[in-house]
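# Working through the structure, step by step
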Amino acid sequence: DFPLYDDEAFRYSGLPVFAHEILKPTLLRLQHSRPRDIKSSLNIHGMIIKQYHAGIVIFTPPRDGKKYFIGVDVSEGLAFGDSSAIFIMDESYFQVCRYHGKIPPDLLGHLTMALGELYNNALAVVENNNMGHTTITTLKAESYPNIYKKVIEDKKTKEISVKLGWNTHRQSKFDMLNEGIKILRDGRARINDIDLIEEMQTVSYAENGLPELNGKDRTVAYCLACIGRKHYDGSIRVRPGQLSRETHDLGPRIMKDDFF
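The structure displayed is predicted, hence computed values, not measured ones. (Residues numbered from 1 in each chain as written. Predicted model: local features only at pLDDT ≥ 70, side-chain atom pairs only at ≥ 80, totals over all residues. Heavy atoms only, no water.)

### Quick look at the packing of helix α3 (residues 105–118) against helix α4 (residues 132–141)
To keep things clear, this is the line we draw: Working convention: axes come from line fits to C-alpha atoms, limited for helices to the stretch in contact. Angles between N-to-C directions cover 0 to 180 degrees. Secondary structure counts use DSSP, requiring at least four H or I residues in a row for a helix and at least two E residues in a row for a strand, with both numbered from the N terminus. The cut-offs work like this: below 35 degrees is roughly parallel, past 145 is roughly antiparallel, 65 to 115 is roughly perpendicular, and the gaps in between are oblique. By definition, turning the near helix anticlockwise from the far helix through less than a right angle yields a left-handed crossing, and turning it clockwise yields a right-handed one. In what follows, a contact means two residues having at least one pair of non-hydrogen atoms within 4.5 Å. Classification convention: Asp, Glu, Lys, Arg as charged; Ala, Val, Leu, Ile, Met, Phe, Trp, Tyr, Cys, Pro as nonpolar; all other residues, Gly among them, as polar.
Where α3 meets α4, the axes come as close as 7 Å, and the angle between the chain directions of the two elements is 45°. By the criterion of interaxial angle, the relationship of α3 to α4 is oblique. Along this stretch, α3 crosses α4, giving a crossing that reads as right-handed. Counted together, Pro105, Asp106, Leu108, Gly109, His110, Thr112 and Met113 of α3 and Thr134, Thr135, Thr138 and Leu139 of α4 form the full contact between these two elements. For the contact of α3 with α4, a count of residues per class yields four nonpolar, six polar and one charged.

### Concerning the pairing of strand β5 (residues 95–101)
Operational definition: Burial status follows relative accessibility: with a 1.4 Å probe on protein chains alone, a residue under 20% of its type maximum counts as buried, one over 50% as exposed, and anything between as partly exposed. At least two bridges found by DSSP between two strands are what make those strands a pair.
Counting buried residues along β5, seven of its seven residues qualify, which places the element largely inside the surrounding structure. Note that strand β2 (residues 56–58) and β5 share three bridges and pair antiparallel. Among the inter-strand pairings, Ile58 is bridged to a residue of β5, identified as Cys97. As judged from the six bridges shared by strand β4 (residues 84–90) and β5, these two strands associate in the antiparallel manner. Of the residues in β5, the one forming a bridge with Met89 is Gln95. What sits between β4 and β5 in their antiparallel hairpin is a turn of four residues, with Tyr93 showing a positive phi close to 70°.

### Describing the pattern of salt bridges
Note the following rule: Basic side-chain nitrogens of Lys or Arg form a salt bridge, by our definition, when they fall within 4 Å of a carboxyl oxygen of Asp or Glu.
Under the counting rule described, the total for this entry stands at eight salt bridges. The salt bridge involving Arg98 is made with Asp193; its shortest N-O contact spans 3.6 Å. Taken as a pair, Arg98 in strand β5 and Asp193 in the loop between α5 (170–185) and α6 (194–200) lie far apart in primary sequence, 95 residues in all. For the pair shown, Arg98 and Asp193 are each scored as buried. Of the charged contacts in the structure, one is a salt bridge between Asp186 and Arg185, with a shortest N-O distance of 4.0 Å.

### Observations regarding the nonpolar core
Which entries qualify depends on this criterion: In this description, a nonpolar core means a group of buried Ala, Val, Leu, Ile, Met, Phe, Trp, Tyr and Cys residues linked to one another through side-chain atoms lying within 4.5 Å.
In this structure, Phe18, Met176, Leu184, Ile191, Met200 and Tyr222 are the most contacted members of the largest nonpolar core, which totals 36 residues. The element contributing the most residues to this core is helix α7 (residues 217–230), with eight residues. Contacts of Met176, omitting those with residues within four sequence positions, involve Trp166, Leu213, Val220, Cys223, Leu224 and Ile227. Ala114, Val126, Ile136 and Ile147 belong to the second largest nonpolar core, which has 31 residues in total.

### Observations regarding the sheet that holds strand β6 (residues 123–126)
Taking strand neighbours across the sheet as the criterion, the five strands line up as β2-β5-β4-β3-β6 in an open arrangement whose pairing is mixed. Pairing within the sheet leaves two strands with one partner each, and these edge strands are β2 and β6. Taken pair by pair, the neighbouring strands of this sheet meet at an average axis angle of 10°, ignoring direction.

### Some words on the confidence of the model for the chain
What counts here: pLDDT is defined as a per-residue confidence score from the predictor, taking values between 0 and 100.
The predicted model of the chain has a mean per-residue pLDDT of 85, with 82% of residues at 70 or higher. Below a pLDDT of 50 lies the segment residues 240–260, which in the model reaches 54 contacts outside its immediate sequence neighbourhood of four places, other chains included.

Here's what the structure looks like:
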């Protein structure tokens, strides 16, 4: 009845996933002092980065010795559909870069690789549902060294298999979201993308208790990065950032053996 802020005067459909009282301080910080996009000041020659330059925002350059984590939400890349999103943070949950825009899933793999190599071969956590398979296949074909994987044991045959990427189903959706909620609630997340915070304000649970994530690509990418950080086992091979190894890239081509 007596809202403190204008946005509190409006009713939200369903139950909010992210507490607005937690989001509000970050939103106010970004409204008063939005981090500068520094990508134009960096010496980046990758053609895929240049091609999708408009959707990329770099808040902080890569630092030697730091470990980074990438969350990737994949869309079909169609003009009338959802956008794809990339969220990159360091091991302290500080957001250093983001991408948001329309891009075919195979080229999203190249863009993820280019940004991943720039950020010391960051661990890439890609949702492997639907079009995500195409993005992961591109990363695998290009021998990107740090793709999130899950080891699965067959309950009957006891055979061990490795699945690349994050499979989103009913339970894993809650696992992913709860990790993102926890990091935000604990005050560890340092989000620099105001569009992400504004999107988080609109994420809610439906009447059936399930989170509604359609069109919430920035939020999914953030949560995937948090999952990668949670399951990090120390195996990321850190090396100085490199640019994409595409055949049309202007940077030097890196051989697979360079990663070992």
